[in-house]
Amino acid sequence: MSDQGREPLRIGVLGAARITERSLIDPARATGHRLVAVAARDRARAEAFAAGHGVERVASSYADLIADPEVDVVYNPLANGLHGPWNLAALAAGKHVLSEKPSASNAAEAADVRQAAEKSGTVFMEAFHYLFHPVTRRLHELLASGELGDLRHVEAVVAIAAPPDTDPRWSLPLAGGALMDLGCYSLHALRMLAPWAGGAPRLTAARAGERAGAPGVDEWLDADLEYPGGATGSARCHMAHDGLDMSIRIVGSRGEATAPNFVLPQLDDRIVIRTAQGERTERLGTRSSYTYQLEAFAARVRGGAPLPLDADDAVTTMELIDACYRDAGYEPRPRTRI
């Protein structure tokens, strides 16, 4: 039994992506869920992955894994452009789906995923794991309690060193780009502040820089947003940065709070709070945000517990991503055909 005291999830993994060890394998071990099957384009790679991570068996293809009656949850960490098509396939097969972000290549495809989720009646969630960690929950509490006063401004930055030129994150046909891979976190974090800002933010301007040798693919993108209550926001991303920056700073009329790494708070669980009473640092724990996420997803699948993320939320995020691309002079990412 899982740590929810209910039947363990029976998870099938699409691909043998490196992120999966951190995002699913370790959390499944920690929470008692089964890793039933894995499939990859290269069967030998899938077999090595299964042997190394305790996955029960190897499926011969993504389609075979989705069709497996013993798999009730499909985890999709494939390249961005393959999220939409395989999410649609898994939902059509009646599976619950935990999809890495973003859920699709563009808003139109995300709307198709939403429709498929409604038809299937299963649980679909985009894996914005940061939202489940106490760091983000505490940032929201600081606004809700009034300690920071009225929201005035928020800045979110997600930047990493450049992946190799051969990485699919630089591929336009696979829906690559800094905004897709990183900026979705910044935009989502700003969207989640709507309850304390008079409503959802709207885009006011976006700027981007193209990756050399990758036409149409953004190496960086900065977006300016405004909330109905008058607060402003800055969502920045960079996929060829000098180092790592995954910070968020929330400024209110009475103080401010900064989380140095809101995306991966298990690496830095601090929140620094500054008000008229002085400065203090709170530490919220280094348990993985992915583990919190899997617990919440399982509680929804097995017990019907509410989730803060669903297919509607995924569509709204993709609409904002598409708007950023258009305003910065780029096209929204194309669908990938399989």
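Shown above is the structure to which this text applies.
All of these numbers come straight from a predicted model, not from anything done at the bench.

Turning our eyes to something else, we now look at the packing of aromatic side chains. Under the definition given, this model contains six aromatic pairs. Both rings, one in Tyr62 and one in Trp86, keep their centres 5.3 Å apart while their planes meet at 80°; by these two values the pair is edge-to-face. Remark: Trp86 occurs in helix α4 (residues 83-92) and Tyr62 occurs in helix α3 (residues 62-67); sequence separation between them is 24 residues. Each member of the pair, Tyr62 as well as Trp86, carries the same accessibility label: buried.

Counting buried positions along helix α6 (residues 134-144) yields eight of eleven residues, so the element is predominantly enclosed. Listing the buried residues of α6 in full gives Pro134, Val135, Thr136, Arg138, Leu139, His140, Leu142 and Leu143. Next to the buried residues of α6 lie β7 (151-159), β11 (248-252), β12 (255-259), β13 (270-275), β14 (278-283) and α8 (289-303). Within two residues after α6, Gly146 carries a phi angle of roughly 90°, on the positive side.

Here Arg114 lies in helix α5 (residues 107-120). Relative accessible area serves as the criterion here: at 25%, Arg114 is assigned to the partly exposed category. Distance in space between the C-alpha atoms of Arg114 and Arg18 is 27 Å, their sequence separation being 96 residues. The residues touching Arg114, leaving out its near neighbours within four places in the chain, are Ala311, Asp312 and Val315. A distance of 3.3 Å separates the side chain of Arg114 from the side chain of Asp312, its partner in a polar contact.

Let us now look at the environment of Gly252. Checked against the element boundaries, Gly252 lands in strand β11. Overall, Gly252 belongs to the buried group, its relative accessible area being 11%. Each C-alpha atom of the pair Gly252 and Gly149 lies 5.1 Å from the other, and the pair is 103 residues apart in sequence.

Right, let's get into the sheet that holds strand β5 (residues 96-99). If you trace the six strands from one edge of the open sheet to the other, you get β3-β2-β1-β4-β5-β6, paired in parallel fashion. Looking at the sheet topology across the chains shown, the edges are occupied by β3 (57-58) and β6 (124-126). The pairing of strand β4 (residues 73-76) with β5 spans four bridges and is parallel. For Val74, the partnering residue across the bridge sits in β5 and is Val97. Of the strands in this sheet, β1 (10-14), β4, β5 and β6 are in contact with α4, which crosses β5 at around 165°. Sitting on the sheet, α8 is in contact with β1, β4, β5 and β6, with an inclination near 160° to β5.

This paragraph deals with the pairing of strand β2 (residues 34-39). Counting buried residues along β2, five of its six residues qualify, which places the element largely inside the surrounding structure. Bridging between β1 and β2 involves five bridges; their strand directions are parallel. Within β2, the position partnered with Ile11 by the bridge is Leu35. For the crossover from β1 across helix α1 (residues 19-31) to β2, the handedness is right-handed. Handedness of the β-α-β unit built from β2, helix α2 (residues 43-53) and β3 comes out right-handed.

This next bit is on α4. Each α-helix turn comprises 3.6 residues. Residues three or four places apart therefore point the same way. Counting buried positions along α4 gives seven out of ten residues, so the element sits mostly inside the fold. Close packing links the buried residues of α4 with β1, α3, β4, β5, α5 and β6. Where α4 terminates, the next one or two residues include Gly94, which has phi positive at roughly 80°.

Before going further, it helps to examine the state of the cysteines. Summed over all chains, the structure comprises zero disulfides. Free of any disulfide, Cys184 has its nearest cysteine sulfur in Cys237, 8.5 Å distant. With a relative accessible area of 0%, Cys184 lands in the buried category. The thiol of Cys237 is unpaired, and the distance to the nearest cysteine sulfur, on Cys324, comes to 8.4 Å. A relative accessible area of 3% places Cys237 in the buried class.

Right, let's get into unusual backbone geometry. Cis rather than trans, the peptide bond between Lys101 and Pro102 has omega equal to -15°. Tracing the backbone through its elements, the reader meets Pro102 in the loop between β5 and α5. One non-glycine residue with positive phi stands out, namely Ala175, at about 60°. Along the chain, Ala175 falls in the loop between β7 and α7 (178-191).

Criteria and cut-off values
- Residues numbered from 1 in each chain as written.
- Predicted model: local features only at pLDDT ≥ 70, side-chain atom pairs only at ≥ 80, totals over all residues.
- Heavy atoms only, no water.
- Phe/Tyr/Trp six-rings, centres within 6.5 Å; stacked < 30°, edge-to-face > 60°.
- Helix = DSSP H or I, 4+ residues; strand = E, 2+ residues; numbered from the N terminus.
- Buried < 20%, exposed > 50% of the residue type's maximum accessible area, 1.4 Å probe, protein only.
- Contact = heavy atoms within 4.5 Å.
- Polar contact = N/O pair within 3.5 Å; in protein donor to acceptor, adjacent residues only side chain to side chain.
- Pairing = 2+ DSSP bridges.
- Axes fitted to C-alpha atoms, helices over the stretch in contact; angles between N-to-C directions.
- Right-handed = clockwise from strand over helix to strand, strands pointing away.
- Disulfide = S-S within 2.5 Å.

Such coordinate-based values are descriptive only and should not be taken to indicate function.
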